[in-house]
Amino acid sequence: MAGGSGRRWGDLLQWARQQVADRVPRADLDQRDPDYIREQLPGTWLLASLYFRADVRGLDRIPPTGPVLLVGNHSGGNVPPDTFVFTLAFCSYFGVERPFYQLAHNLVVSAPPLGWLRKFGTVAANHENARMALESGAALLVYPGGDYEVFRPSWQRHRVDFGGRMGYVRLARDTGVPIVPVASVGGQETALFLDRGQWLAKALMLDKLLRLKSVPISLALPWGLNISDLAGHIPLPAKIAIEVQKPFGLDEIADGTDEVLHARVTERLQAGVDRLAAERRFPVIG
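If you're wondering where the values come from, they're calculated on a predicted model, not measured in any experiment.

Let's talk about the overall build of the protein chain
- A tally of helices and strands in the protein chain yields 12 helices and 10 strands.
- Split into buried and exposed, the 286 residues of the protein chain put 48% on the buried side.
- Partitioning the intrachain contacts of the protein chain with sequence separation of at least 6 by distance along the chain shows that 77% fall at a separation of at least 24.
- For the protein chain, the exposed area adds up to about 13,500 Å²; of that, 59% sits on carbon and sulfur atoms.

Okay, structure coming up:
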């Protein structure tokens, strides 16, 4: 009896996972719409400049053409201003015609109100989509820390923490592209993040059903106490500062093990975050 119940429960979980997967839009790189970005860019960049006082540096360190893997630390919960600000800065600097994509969680890509993100180049975060973007010759922004990093407590806001994930290293090696670290600060000050809630994700089995490893707990507008952040929140107007770091060329990527390269990338990222953090006098105000 116990074995039969276990199998039925496993079948139910598999069915639920498949239902969620079937609702994630297939990645279509042609959904990125340069004309749409061109129309939206002036107003959205003005918003970023006024509300988040966007400060983006070092874009000249990104190779001007060809595929490149941009690897960033991630902050801000389900309303991450670092992605918003960097995407606008990249498109402004290189022009909307240069293909540029960003990986995001399945739930973000599949949410009907967020369909406009696909026009900016947002695709579901998986290895297949990442390879497809890079092999098409595009620049690709990835956040290896994912929901583990983006929901870290606010008092760890200046810590780069990918949670041991280093698949991006293999991706760069397989596709033969340079890695460019992108350091940012400020996003984890747009709400008061209290706990990743990994224990809650396991208790609700969301780690198995939705690939959600965290059900974060935060204090955020307009909800006050905010559980899960699935409905998003109104971010506080924290100053967002982003600095592109020195790239890792193909020779450096080929040298050493995945673990060694991962350590070098995160070390360079952390050094960039530390420099940006040292310039801040107050949280939110910057």
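Don't stop here, the text continues.
Side note on a nonpolar patch on the surface
- A cluster of nonpolar side chains, namely Leu47, Tyr51, Leu221 and Ile234, defines an oily patch on the protein surface of about 350 Å² accessible area.
- Structurally, the position occupied by tyrosine 51 is in helix α2 (residues 34–51).
- The exposure class of tyrosine 51 is partly exposed, given its relative accessible area of 31%.

Focus: the sheet that holds strand β10 (residues 241–244)
- Read across the sheet, 7 strands follow the order β1-β10-β6-β2-β5-β3-β4 without closing on themselves; strand pairing throughout is mixed. Strands at the two margins of the open sheet, each flanked by one partner only, are β1 (55–57) and β4 (122–124). Across this sheet, the average inter-strand angle for adjacent strands is 25°, counted without regard to direction.
- Relative to strand β5 (residues 139–142), strand β2 (residues 68–72) is paired through 4 bridges, and the arrangement is parallel. Opposite leucine 69, over in β5, you have leucine 140 as the bridge partner.

Things to note about the sheet that holds strand β7 (residues 192–195)
- Spatially, β7-β8-β9 is the arrangement adopted by the 3 strands of the open sheet, whose pairing is antiparallel. Every other strand in the sheet has two partners, leaving β7 and β9 (224–227) as the edge strands with one partner each. For this sheet, the mean angle separating the axes of adjacent strands, direction not counted, is 30°.
- Relative to β9, strand β8 (residues 217–220) is paired through 4 bridges, and the arrangement is antiparallel. Bridged to serine 218 within β9 is asparagine 226.

Quick notes on the pattern of salt bridges
- Across all of its chains, the model carries 16 salt bridges by this definition.
- Residue arginine 38 pairs with aspartate 35 through a salt bridge whose shortest N-O separation is 2.7 Å. Here arginine 38 and its partner aspartate 35 are both found in helix α2, 3 residues apart, which amounts to about one turn of the helix.
- Of the residues examined, aspartate 35 reaches a relative accessible area of 46% and is grouped as partly exposed.
- For the salt bridge of glutamate 189 with arginine 280, the shortest nitrogen-to-oxygen distance reads 2.9 Å. Note that glutamate 189 is positioned in the loop between β6 (179–185) and β7 and arginine 280 in the segment after α12 (258–278), a separation of 91 residues in sequence.
- If you follow the salt bridges from partner to partner, you end up with Arg131, Glu135, Arg170, Arg173, Asp174 and Asp258 in one network.

Looking at the pairing of β8
- Here 3 bridges tie β7 to β8, and the two strands are oriented antiparallel to one another. When the bridges of β8 are listed, aspartate 195 appears paired with isoleucine 217.
- Counted between consecutive antiparallel strands, the loop separating β8 from β9 contains 3 residues.

Focus on the packing of α2 against helix α3 (residues 81–94)
- Direction vectors running N to C along α2 and α3 enclose 125°, while the axes themselves pass 10 Å from each other. Our classification of the angle between α2 and α3 gives oblique. The two elements α2 and α3 meet at a crossing, and its hand is left-handed. Facing α2, whose interface residues are Ile37, Leu41, Thr44, Trp45, Leu47 and Ala48, α3 presents Phe84, Val85, Leu88, Ala89, Cys91 and Ser92.
- When the residues that make up the contact of α2 with α3 are grouped by side-chain class, the tally is 10 nonpolar, 2 polar and no charged.

Thoughts on α3
- In this model, α3 (14 residues) spans 20 Å end to end at C-alpha, consistent with the 20 Å of a helix rising 1.5 Å per residue.
- Within α3, 11 of the 14 residues are buried, leaving the element largely enclosed by the surrounding structure.
- Residues of α3 that are buried include every one of Pro81, Asp82, Thr83, Val85, Phe86, Thr87, Leu88, Ala89, Phe90, Cys91 and Phe94, and no others.
- Phi turns positive one or two residues past the end of α3, at glycine 95, with a value near 95°.

Comments concerning the environment of proline 222
- As for its placement among the helices and strands, proline 222 is situated in the loop between β8 and β9.
- For the pair proline 222 and glycine 232, spaced 10 residues apart in the sequence, the C-alpha separation amounts to 9.6 Å.

Conventions used here
- All residue numbers refer to position in the chain's written sequence, counted from 1.
- Only residues with pLDDT of at least 70 are given local features in this predicted model, and only at 80 or more are side-chain atom pairs given and counted; all residues enter the totals for whole chains, interfaces and linings.
- With hydrogens and water set aside, each side-chain value is computed from the structure's full complement of heavy atoms.
- Going along the chain from the N terminus, every DSSP run of H or I of four or more residues is numbered as a helix, and every run of E of two or more is numbered as a strand.
- The classification of residues rests on relative accessible area computed with a 1.4 Å probe and restricted to protein chains. Under 20% of the type maximum is buried, over 50% is exposed, and intermediate values are partly exposed.
- Working rule for contacts: check all heavy atoms of both residues, and any pair within 4.5 Å makes them a contact.
- Only the protein chains shown count as cover for residues, and all accessible areas are computed by the Shrake-Rupley method using a 1.4 Å probe.
- Exposure above 30% relative accessible area and the lack of any salt bridge qualify a residue for a patch; like charges then connect within 9 Å, and the nonpolar side chains Val, Leu, Ile, Met, Phe, Trp and Tyr within 5 Å.
- Salt bridges are defined by distance alone: a side-chain nitrogen of Lys or Arg within 4 Å of a carboxyl oxygen of Asp or Glu.
- Only strands that DSSP links by at least two bridges are regarded as paired with each other.
- Inter-axis angles, ranging from 0 to 180 degrees, are taken between N-to-C directions of lines fitted to C-alpha atoms, where helices are fitted over the stretch in contact.
- Roughly parallel here means an angle under 35 degrees, roughly antiparallel means over 145, roughly perpendicular means 65 to 115, and every remaining angle is called oblique.
- A crossing counts as left-handed when the near helix is turned anticlockwise from the far one by less than a right angle, and as right-handed when that turn is clockwise.
- Classification convention: Asp, Glu, Lys, Arg as charged; Ala, Val, Leu, Ile, Met, Phe, Trp, Tyr, Cys, Pro as nonpolar; all other residues, Gly among them, as polar.
- Expected span of a helix: the number of residues minus one, times 1.5 Å.

Taken by themselves, the reported measurements are silent on function.
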